[in-house]
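Each chain, written out:
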Amino acid sequence: MFEALGWIVGAYALYAAVTGEVFAKAGAWGRTVSRAESPEYFWVVVAIYAGLALALVTVF
């Protein structure tokens with residue numbers, strides 16, 4: 001189950017990198033981060049999703 005979830009999260013990270021928008025938890029809810037508006041934060045969030053996907057596929 002965790003492996004399948006890891007593939008889904010990895011696919012979302014790839015999708016976000018291609019489209020230039022990613023959803024990030026912020027405060028009580030969250031917000032969409034755009035690569036054009038905040039490139040550093042965008043890539044940090046994408047890297048975190050990619051790391052989580054890798055961990056879900058390999059560790060769990």
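Keep in mind that what you see is a predicted model, and the values were worked out from it rather than measured.

Caption draft 1: Fine view of helix α2 (residues 39–58). Here α2 spans 28 Å end to end across 20 residues, near enough to the 28 Å set by a 1.5 Å rise per residue. Those residues of α2 that sit buried are Phe42, Val45, Val46, Ala53 and Leu56. Buried residues of α2, viewed axially, fall in a sector of 95 degrees; they line one side. Those residues of α2 that are exposed and aimed more than 90 degrees away from the buried face are Glu40, Ile48, Leu54 and Thr58. Against α1 (2–19), β1 (21–24) and β2 (31–34) lie the buried residues of α2.

Caption draft 2: Here's a closer look at the packing of aromatic side chains. Per the stated rule, a full pass over the model turns up four aromatic pairs. Relative to phenylalanine 60, the ring of phenylalanine 2 has its centre 5.5 Å away and its plane inclined at 40 degrees; by these criteria the two rings are tilted. Of this pair, phenylalanine 2 sits in helix α1 while phenylalanine 60 sits in the segment after α2, and the two are 58 residues apart along the sequence. With a relative accessible area of 63%, phenylalanine 60 lands in the exposed category. Considering the side-chain rings of tyrosine 12 and tyrosine 15, the 6.5 Å spacing of their centres and the 35 degrees angle between planes classify their relative orientation as tilted. Here the residue tyrosine 12 and the residue tyrosine 15 both occupy positions in helix α1, the gap between them amounting to three residues, near one helical turn. The exposure class of tyrosine 12 is partly exposed, given its relative accessible area of 30%. Here the aromatic cluster, defined as three or more aromatic residues joined through ring pairs, consists of Tyr12, Tyr15 and Tyr49.

Caption draft 3: Region of interest: α1. With 18 residues, α1 should cover 26 Å at 1.5 Å per step; its first-to-last C-alpha distance of 25 Å lies within 8% of that length. All buried positions along α1 are accounted for by Gly6, Val9, Ala13 and Ala16. Buried residues of α1, viewed axially, fall in a sector of 85 degrees; they line one side. Along α1, exposed side chains directed more than 90 degrees from the buried face belong to Trp7, Ile8, Leu14, Tyr15 and Val18. Close packing links the buried residues of α1 with β1 and α2. Within two residues after α1, glycine 20 carries a phi angle of roughly 90 degrees, on the positive side.

Parameters at a glance
- Residues numbered from 1 in each chain as written.
- Predicted model: local features only at pLDDT ≥ 70, side-chain atom pairs only at ≥ 80, totals over all residues.
- Heavy atoms only, no water.
- Helix = DSSP H or I, 4+ residues; strand = E, 2+ residues; numbered from the N terminus.
- Expected span 1.5 Å × (residues − 1).
- Buried < 20%, exposed > 50% of the residue type's maximum accessible area, 1.4 Å probe, protein only.
- Arc of directions from axis to C-beta.
- Contact = heavy atoms within 4.5 Å.
- Phe/Tyr/Trp six-rings, centres within 6.5 Å; stacked < 30°, edge-to-face > 60°.

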